[in-house]
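# Observations on chain architecture
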Amino acid sequence: MESETKSRDDEQKWVYDSSVDFQGKIPARSSTGVWRASLFIIAIEFSERLSYFGLATSLIIYMTRVMHEDLKTAAKSVNYWSGVTTLIPLLGGFLADAYFGRFFTVFFSSFVYLLGLTLLTLSQFVPSLKACDEEPCHQARKVHEVVFFLALYLISIGTGGHKPALESFGADQFDDDHAEERKKKMSYFNWWNFGLCSGLFLGVTVIVYIQDHISWGVAYIILTASMAFSLIIFIIGRPFYRYRVPAGSLFTPMLQVLVAAIKKRNLQVPSSADELYEVPELEIKKGRLLCHTDKLKFLDKAAILEDKENSTTETKNPWRLATVTKVEEMKLILNMIPIWLMALPFGIGVAQASTFFIKQSTTLNRKIGNDFLIPPASIYAIGAIGMIISVTVYEKILVPILRRVTGNERGIKILQRIGIGMALSILTMVTSALVERKRLKVVQEHGNVKGGSLPMSVFWLAPQYLIFGIGDGFTLVGLQEYFYDQVPDSMRSLGIAFYLSVIGAGSFLSSLLITVVDDVTERYGKSWFGNDLNSSRLDNFFWLLAAMNAANLVVYVVLARRYSYKIVNRSVAVADCSGDDWAGSVA
């Protein structure tokens, strides 16, 4: 009894989750991690999102006004950049988990990000790099285009390491095996997104206003200074962080499971999971053991002991015998593929908010009173407000109520939260189609208005942005939590990259869809995408996206109901391997 009390006291004093402190020692629970560390991390995320959305939301404006691209070309350019920016994290997440560690990856990628912002600033002030020498300008200089896109894609590379490593590094500050810290970790993803949305809000209001009313160069100076300052804050927090040691190659163990299963394809899987091979809990050096699940039983063959007398020899050959935990980790990755695919139509919808939605605002009346003119991209702020409201209400009101009703530690399951946001994305597209139809009707009634501003308030776009933001508070936060929590513990930066890749792939698919729809509609009549918004039929395009998302949601619900969540075997309750999601990684 005394030894058990001593053990519990020891676990309260030290963190035994395979993490180390900045000196490489076992972290002290009282002086490392939790909110004291994650607040430094949320601070640099705030600055990065300030920069990203200050650039991304006004990018289509810059390309049409300053670089004089037509609507289709500008939309595709933005989608390609957004796609690359959110797909590169797959590489960055892999390198962070396998070789460099999350702290160093964030540190290095922040410098690359800062270099991109600096080059972007120089393109506005160095005379030979400017778009034009004088106004009016009908075509930007080639050197400006080269430098501008080089700067943008340096920012993409910086984001590629920054985003997946930083968010997972923040979540690493909470111990999954400590009940109090585990609950705080669930709140972490909500408050992470609160900080993210705060940066987004200032980016699409203050920064965009400076771009529109002062100059692009001044805005870029502010973004560069902000990123430099937040990097200093991140470094100051170094003594308070908990670090994970890189795990080496992430895909070799999964390949070993597949090879072992193929080699034993003719063997019969035992009726009891207890007969499958697993490392004794006392011998495991790092990581956590996973419970066996009944899905994808073919892979279970990798854990069959062919000859119990030679099991010691077999364990030395991972290409012949895998543990139950390694098999289950392989299952986790395979189970994610359908969910990732079902999230892509949602990603296509997200791409519209920073392209066509913004372009709609340029044609509408943006005046407040007699003098103040809202910058076109600032309408995105309503989406940020919607997400802040959604996350705050969910965290402070819904979760406590739902915990009592469902008995689920999260309130509702992760995939249920994602599904709610997907349903709201359908409503977003329906609302967008109706508003665009109204806008086109005003165009027909008034023709080409002098100055390009229709007698229709920009706040007609408020409903679609508000619903979009509320939906993001469910789906985007849910996807972050899902891809962090449901991957193997050693792949959590890569898990965040999987979430980002949904948005990236969605952007590329949006560009592809625009190309296909443009070709088909032009072949059978008039293209839905004209040289400008008033000669286009975006309402039809939004109806198409609504139909795609509705069909996708039906399939998603079927998959979500059959999904098997990750279940961790705890030393205090090894036998408890229920399939409930109430801690995602808790059994």
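Report on the accompanying structure.

How each quantity is defined
Numbers given for residues are sequential positions, taken from 1 along each chain in its written order. Note on the predicted model: pLDDT of at least 70 is required for a residue's local features to be given, and 80 or more for side-chain atom pairs to be given and counted; whole-chain, interface and lining totals, by contrast, use all residues. Hydrogens are left out, water is left out, and the side-chain values use all remaining heavy atoms of the structure. Under the scheme used here, helices are H or I runs from DSSP no shorter than 4 residues and strands are E runs no shorter than 2 residues, and both carry numbers assigned from the N terminus. For the exposure calls, accessible area comes from a 1.4 Å probe over protein chains only, and a residue counts as buried if that area is under 20% of its type's maximum, exposed if over 50%, partly exposed in between. With residues, only the protein chains shown are counted as cover, and all accessible areas are computed by Shrake-Rupley using a 1.4 Å probe. Expected helix span is computed as 1.5 Å times (number of residues minus one). What makes two residues a contact is simply this: any of their non-hydrogen atoms within 4.5 Å. Patch criteria: residues need more than 30% relative accessible area and no salt bridge. Like-charged residues are merged within 9 Å; nonpolar side chains of Val, Leu, Ile, Met, Phe, Trp and Tyr are merged within 5 Å. We define a salt bridge as a contact between a side-chain nitrogen of Lys or Arg and a carboxyl oxygen of Asp or Glu at a distance within 4 Å. A pair of aromatic rings is counted whenever rings of Phe, Tyr or Trp (Trp by its six-membered ring) have centres within 6.5 Å, and the orientation is called stacked for planes under 30 degrees apart, edge-to-face for over 60 and tilted otherwise.

## A closer look at the overall build of the protein
Counting secondary structure elements, the protein contains 17 helices and four strands. Counting every position in the protein, which comprises 587 residues, the buried fraction comes to 56%. Accessible area for the protein stands at about 24900 Å²; split by element, carbon and sulfur atoms hold 63% of it.

## Some remarks on helix H17 (residues 538-561)
Given a rise of 1.5 Å per residue, 24 residues ought to cover 34 Å, and the 34 Å separating the end C-alpha atoms of H17 matches this to within 8%. Restricting attention to buried positions, one finds in H17 the residues Leu538, Asp539, Phe541, Phe542, Leu545, Ala546, Asn549, Asn552, Leu553, Tyr556 and Ala560. Where H17 is buried, its residues contact helix H11 (324-353), helix H12 (356-362), helix H14 (414-446) and helix H16 (492-523).

## Examining a nonpolar patch on the surface
Residues Ile385, Ile389, Val393, Ile397, Leu398, Ile401 and Val405 make up a contiguous nonpolar surface patch of roughly 560 Å² in combined accessible area. Mapping Ile401 onto the fold places it in helix H13 (residues 381-406).

## A short note on the packing of aromatic side chains
Taken as a whole, this structure holds 42 aromatic pairs when the rule is applied. Relative to Phe251, the ring of Phe94 lies with its centre 5.4 Å away and its plane at 10 degrees, an arrangement referred to as stacked. Here the residue Phe94 occupies a position in helix H4 (residues 89-100), and Phe251 occupies one in the loop between strand E2 (243-244) and helix H9 (252-263), the gap between them amounting to 157 residues. Phe94 sits in the buried class, given a relative accessible area of 17%. In this structure Phe251 comes out as partly exposed when scored by relative accessible area, which is 43%. An angle of 45 degrees between the planes, with centres 5.8 Å apart, marks the rings of Phe169 and Tyr243 as tilted. Here the residue Phe169 occupies a position in helix H6 (residues 142-171), and Tyr243 occupies one in strand E2, the gap between them amounting to 74 residues.

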